[in-house]
Amino acid sequence: EETFNQIKRFDPEVKAFLHLFEEEALSKAKEADEKRKKGEKGSLLGIPLSIKDNICIKGYPTTCASKILENFIAPYEATVVEKLKAEGAVLIGKTNLDEFAMGSSTENSAFFPTRNPWDLERVPGGSSGGSAAAVAVRMGLGSLGSDTGGSIRQPAAFCGVVGLKPTYGLVSRYGLVAFASSLDQIGPFGLTVEDTAILLKAIAGKDEKDSTSAAVSIPDYLQVIHQNEKTKFTIGLPKEYLQTEMDPEIKQKIEEVVNLLRKTHEIKEVSLPHTPYAVATYYIIAPAEASSNLARYDGVKYGLRVESTNLIDMYKKTRAKGFGKEVKRRIMIGTYALSAGYYDAFYLKASKVRTLILRDFLEAFKQVDLLITPVTPTPPFKIGEKITDPLQMYLSDIFTIPVNLAGLPGISLPIGLNSEGLPIGLQIIGPHFREDLLLSLAYQIE
Ligand code: GLN
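Parameters and conventions
- Residues numbered from 1 in each chain as written.
- Predicted model: local features only at pLDDT ≥ 70, side-chain atom pairs only at ≥ 80, totals over all residues.
- UniProt positions renumbered as here; feature names shortened; annotations may be inferred.
- Helix = DSSP H or I, 4+ residues; strand = E, 2+ residues; numbered from the N terminus.
- Rg over C-alpha atoms; globule rule 2.2 N^0.38 Å.
- Buried ≥ 20, exposed ≤ 12 C-beta atoms within 10 Å, placed from the backbone.
- pLDDT = per-residue confidence, 0-100.
- Pairing = 2+ DSSP bridges.
- Axes fitted to C-alpha atoms, helices over the stretch in contact; angles between N-to-C directions.
- Contact = placed C-beta atoms within 7 Å.
- Near = placed C-beta within 6 Å.
- Nonpolar A, V, L, I, M, F, W, Y, C, P; charged D, E, K, R; others polar.
- Expected span 1.5 Å × (residues − 1).
- Arc of directions from axis to C-beta.
- Parallel < 35°, antiparallel > 145°, perpendicular 65-115°, else oblique.
- Left-handed = near helix turned anticlockwise from the far one by under 90°.

- Per an unreviewed UniProt entry, the chain carries the name Glutamyl-tRNA(Gln) amidotransferase subunit A and comes from Thermodesulfobacterium commune DSM 2178.
- Heading Catalytic activity (unreviewed entry) of the UniProt record for the chain holds this comment: "L-glutamyl-tRNA(Gln) + L-glutamine + ATP + H2O = L-glutaminyl-tRNA(Gln) + L-glutamate + ADP + phosphate + H(+)".
- Under Sequence similarities (unreviewed entry), UniProt gives the following word-for-word description of the chain: "Belongs to the amidase family. GatA subfamily."

Here it is, written out as structure tokens:
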């Protein structure tokens, strides 16, 4: 009830939610209460959570904030949703996003933009902007988002909450609507590092329904971060990141945190020389995969159909009407990059550079346990400020994209406010499947 009071009070302005399930959530909450009284356990028993609207909850809409899926009801349950329910979580609603998770501001939603709760004239980041804003306003205590090139970490930084992108393969993608399948990961948002650790534990693990999910053992992250409260780490600062043009207050805040860490940890400068190619590489690979994944929205199998007497014409009209501007741009870039004669020059080349970016990280992790970087080069920007300049928008993920290309885990945690009262985030990057280390350092910093 408290959660829905909060939603009624703040969501008319923030607009974090696309769908709410109040009645069902309240009855699930009562059930959870009964279970608790009977002594039943569950790491999330009765905990109100929201889910980004590109993750399927059986029997409920999954629109991806797109007109093409406006009336689509998911016929099956995402594995992460199944897992949250098994732990007793109460799902309260589906959160807004950039259409098909393409964007960094949630302005690309076909329905409405979400606003940054710290300043309603600004964006919450994206694409999981609805999830980040919801958690920031305590409309639910946590949320699940997806991160293909920064979509959990960047909005977490803009909204002053914790957001974690797991190692590629740690969390099942079954039931996540595919954007760029070799980059996509589902991950948690929490108010604290501890909450995030509990949520990650609940959703991680091998899933027969996702062949890219990994058979690794999942530690009790909450226990581990408590045990590691005093553990000393060797922390790397990638010089290419700090040389990138960024807002001076962000740079200064990161330096302040690093200086505090110097008292207990060893800090080293490291080099990730292929960093300058990451955004360009991503904008070949992600649109290429997207153009292939989005071919299924043809008006035949599900979603919107614009009737016509001719099949090809029906495809064209459906896709023209159903997809927004940014999605069309991605499909065109991706189709071009994959077309015969261009494949070697673009897609294959990008795949090779991707390997070089991964190798940079693997070299760095021979010298250090973890890396610290900024999350975003700027504080939350104004609504409308970057929407007409896609390149500027793409550059807001300059620090988050390399992590996806390399399949590594990354966490964004709030480290304070700038002089305008806007949140600043810090990113920790770890080796593959070392979310335990990532969360441990984050917990120490918090
Ligand atoms: N902003 C990036 C993009 O538009 C990343 C999106 C994401 O991580 N889903 O592709």
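### Here we look at the overall build of the chain
Then, in step 1: Along its length, the chain carries 16 helices and 11 strands.
Then, in step 2: Relative to the compact-globule value of 22 Å for 446 residues, the chain shows a C-alpha radius of gyration of 21 Å, a close match.
Then, in step 3: Expressed as lengths along the three principal axes of its C-alpha atoms, the size of the chain is roughly 70 × 65 × 45 Å.
Then, in step 4: Within the chain, the proportion of its 446 residues that are buried is 54%.

### Points about the confidence of the model for the chain
Then, in step 1: Averaged over all residues, the pLDDT of the chain equals 97, while 100% of them reach at least 70.
Then, in step 2: Reported for the predicted complex are a pTM of 0.98 and an ipTM of 0.97.

### Quick look at the sheet that holds strand β6 (residues 185–190)
Pairing between the strands of a sheet is mediated by backbone hydrogen bonds and can be parallel or antiparallel.
Then, in step 1: The 11 strands are arranged β1-β3-β2-β4-β6-β5-β10-β11-β9-β7-β8 in an open sheet whose pairing can be described as mixed. Where the open sheet ends on each side, the last strands, each with one partner, are β1 (17–20) and β8 (266–270). Ignoring which end each strand starts from, the neighbouring axes of this sheet average 30 degrees apart.
Then, in step 2: With four bridges joining them, strand β9 (residues 370–374) and strand β11 (residues 423–429) adopt antiparallel strand pairing. Looking at the pairing, P374 lines up with L426 of β11.
Then, in step 3: Its contacts with the sheet put helix α6 (residues 193–203) on β4 (142–147), β5 (162–165), β6 and β10 (410–417), and the angle it makes with β6 is roughly 145 degrees.

### Describing the site of the ligand
Then, in step 1: For the ligand, the set of nearby residues contains 14 residues, the closest of which are A101, S104, T148, G149 and S151.
Then, in step 2: Looking at the shell around the ligand residue by residue, the classes come out as four nonpolar, eight polar and two charged.

### Details of the pairing of β4
Then, in step 1: Of all six residues that make up β4, six are buried, and the element is covered over most of its length.
Then, in step 2: Residues of β4 alternate between two faces, with G142, L144 and S146 on one and S143, G145 and D147 on the opposite face, all of them buried.
Then, in step 3: Bridge analysis of strand β2 (residues 48–52) against β4 gives three bridges, and the strand direction is parallel. Directly across from I51, in β4, lies its bridge partner L144.
Then, in step 4: For β4 and β6, the ladder comprises six bridges, and the chain directions are antiparallel. What sits directly across from S146, in β6, is I186.

### Considerations on helix α12 (residues 325–338)
Then, in step 1: Counted at 1.5 Å a residue, the expected span for α12 with its 14 residues is 20 Å, and the 20 Å between its end C-alpha atoms agrees.
Then, in step 2: Here α12 has its buried residues at V327, R330, I331, G334 and A337. End-on view of α12: buried residues confined to an arc of 135 degrees, all on one side of the axis. Seen from the open side of α12, the exposed residues pointing more than 90 degrees away from its buried face are K325 and M332.
Then, in step 3: Buried positions along α12 lie against α10 (278–293) and α13 (344–367).

### A short note on the packing of α10 against α12
Then, in step 1: In contact at an axis separation of 7 Å, α10 and α12 are set at 100 degrees when each is read in the N-to-C sense. As summarised for this structure, α10 and α12 are arranged roughly perpendicular, according to the angle between their axes. On α12, the residues that touch Y283, I284, P287, A288, A290 and S291 of α10 are R330, I331, I333, G334, T335, A337 and L338.
Then, in step 2: Grouping the constituent residues of the contact of α10 with α12 by class yields nine nonpolar, three polar and one charged.

### So, the UniProt feature "active site" (unreviewed entry) in the chain
Then, in step 1: Residues annotated in UniProt with the feature "active site" (unreviewed entry) correspond here to K52, S127 and S151. Across 100 residues of sequence, these annotated residues stay compact in space, with a maximum C-alpha separation of 11.0 Å.
Then, in step 2: In this structure, S127 sits in the loop between β3 (90–95) and α4 (129–136).
Then, in step 3: Those residues in contact with S127 that lie beyond four places of it in its chain are L97, D98, A101, M102, G103, T106 and S151.
Then, in step 4: With respect to the helices and strands, S151 occurs in the loop between β4 and α5 (153–159).
Then, in step 5: On the basis of neighbour count, S151 is assigned to the buried category, with 36 C-beta atoms found within 10 Å.
Then, in step 6: In this view, S151 contacts A101, G126, S127, S128, G145 and S146; residues no more than four positions away in its chain are not counted.

### Some remarks on the packing of α6 against helix α16 (residues 435–445)
Then, in step 1: In contact at an axis separation of 9 Å, α6 and α16 are set at 165 degrees when each is read in the N-to-C sense. Of the possible angle classes, the one that applies to α6 and α16 is roughly antiparallel. Where α6 crosses over α16, the two elements pack in a sense that is left-handed. Every residue of α16 that contacts α6 at V193, T196, A197 and L200 is listed here: E435, L439, A442 and Y443.
Then, in step 2: Taken together, the residues of the contact of α6 with α16 break down into six nonpolar, one polar and one charged.

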